[in-house]
Amino acid sequence: VAMFGIDCKSMDTFSDGDMNFAMSSMFVPEPVMSLAVKPANTKMQNNFSKAITKFTKEDPTLRVKVDSETKETVLSGMGELHLEVYIERMKREYEVECVTGQPKVNYKETINTKQPFDWLHKKQTGGSGQYAKVMGFIEPLSEAERLELGKSNEFDNRCTGTNIPPEYYTSCEKGMNDAMVEGSLVGSEVEGVRVVLQDGASHAVDSSDMAFRICMANAIRDTMKSANPSILEPVMAVEVEIPTDFQGSVVAGLNRRMGMIQSSDMNDDGSGLKILAEVPLANMFGYSTELRSMTQGKGEFSMEYLKHSPVMRDTQEELMKRYKEEMEAKAA
């Protein structure tokens, strides 16, 4: 059966209405790279919007958002080549010339030690004020625990009694989610944290959903700073296929990019080689050009997201310094 002109997107399912099936959803990984993009001419804005809408419907790994501060349109995807393909398609299919910014790697943040919190949020203005107090601790979640839970962070309510009225528990969980949006090191999303709420206090008049939400968010943000936080970078599984003659230079090139060689297999006749490596995404910019020049155009590579891993200490300090400079420039 063929259908034309149907308004749909990838992973939509059509039936005659009589079937009642539960369809398992396709796994869609989180994007690992972002790129600020805008049309070169404001007259192209309409076609630009049409292209973005169409591309995000057909490809669930392509995400689009508008930066709340810079008002830039930010495309996010699975790598440099992935985003380049869509920029080229805009030009070819919609006649939209695009101006792009520097590619940006999607870092994440986490904590490495258990740390208690005891936070009071008290604000008094004319009329009813705001009052909330939360006590508990935060601790790191292991990779196995995250897989078992099926989510990046966990809120664990261990309160007994009514020092915090039960109707405010959901507000505390929302406060935790607010704190996870932006970490203190480079402003990236936080993952791998369990927040345990043990006790607190409330006020008959001044306590509210908003007071507990703000209190919990501020408590976690402040406590994460002293819980040995670290930055996580996306690591890619890279597969390189080359003629055997170029093995030495290609392996050396991957090592320069801080890659860890996992395996190196020769094909049956000994003429070709397949190398599997794990390489930080931030070090893969421009690799396609380098590989072509090293192998006289005979080498090929592909990569897919593997995991987020802690960055080296000097890299973390460099990223924090750059983030601080960006924040100061915005504030100026």
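Since we're looking at a predicted model, the values are computed, not measured.

(A) Focus on the pairing of strand 8 (residues 130-140). Relative to strand 8, strand 7 (residues 115-123) runs antiparallel, the two being bridged by nine bridges. Bridged to aspartate 118 within strand 8 is methionine 135. Inspection of the sheet shows strand 8 paired to strand 11 (residues 193-201) by eight bridges, in the antiparallel sense. Paired with glycine 136 across the strands is leucine 197, a residue of strand 11.

(B) Focus on the packing of helix 4 (residues 169-180) against helix 5 (residues 209-224). One way to put it is that helix 4 packs onto helix 5 with a least axis distance of 7 Å and a crossing angle of 40 degrees. As far as their axial angle goes, helix 5 and helix 4 are oblique. Here helix 4 and helix 5 pass one another in a crossing that is right-handed. Here Ser171, Cys172, Lys174, Gly175, Met176, Asp178, Ala179 and Met180 of helix 4 lie close against helix 5, whose contacting residues are Asp209, Phe212, Arg213, Met216, Ala217, Ile220, Arg221 and Met224. A breakdown of the residues in the contact of helix 4 with helix 5 according to their chemical character gives nine nonpolar, two polar and five charged.

(C) Examining the pattern of salt bridges more closely. Taken as a whole and assessed by the stated rule, the structure comprises 17 salt bridges. Between aspartate 178 and arginine 213 there is a salt bridge, and its shortest N-O distance comes to 2.7 Å. Of this pair, aspartate 178 sits in helix 4 while arginine 213 sits in helix 5, and the two are 35 residues apart along the sequence. Overall, aspartate 178 belongs to the partly exposed group, its relative accessible area being 26%. For arginine 213, a relative accessible area of 29% gives the class partly exposed. We note a salt bridge from arginine 256 to glutamate 290, for which the minimum N-O separation is 3.9 Å. Here arginine 256 is found in helix 6 (residues 247-256), whereas its partner glutamate 290 is found in helix 7 (residues 287-294), with 34 residues between them in sequence. Here arginine 256 falls in the exposed class, since its relative accessible area comes to 57%. When salt bridges with common partners are traced through the structure, they connect Lys54, Glu58, Arg89, Arg92 and Glu93 into a single cluster.

Analysis parameters
- What you see as residue numbers is a count from 1 along each chain, following the sequence as written.
- Confidence filtering applies because this is a predicted model: local features only for residues at pLDDT of at least 70, side-chain atom pairs given and counted only at 80 or more, and all residues used for totals across whole chains, interfaces and linings.
- Hydrogen atoms and water are omitted, and side-chain values are computed over all heavy atoms in the structure.
- When DSSP finds at least two bridges between two strands, those strands are taken to pair.
- By definition, any uninterrupted DSSP run of H or I lasting at least four residues is a helix, any uninterrupted run of E lasting at least two residues is a strand, and each is numbered from the N terminus.
- All axes are obtained by fitting lines to C-alpha atoms, using only the stretch in contact for helices, and the reported angles, taken between N-to-C directions, cover 0 to 180 degrees.
- An angle below 35 degrees is read as roughly parallel, one above 145 as roughly antiparallel, one from 65 to 115 as roughly perpendicular, and any other as oblique.
- Left-handed describes a crossing whose near helix is turned anticlockwise from the far helix through less than a right angle; right-handed describes the clockwise counterpart.
- Contacts are assigned to residue pairs with any non-hydrogen atoms lying within 4.5 Å of each other.
- The classification used treats Ala, Val, Leu, Ile, Met, Phe, Trp, Tyr, Cys and Pro as nonpolar, Asp, Glu, Lys and Arg as charged, and all other residues, Gly among them, as polar.
- The salt bridge definition used is simple: a Lys or Arg side-chain nitrogen within 4 Å of an Asp or Glu carboxyl oxygen.
- Exposure classes here rest on a 1.4 Å probe applied to the protein chains alone. A residue is buried below 20% of its type maximum, exposed above 50%, and partly exposed in between.

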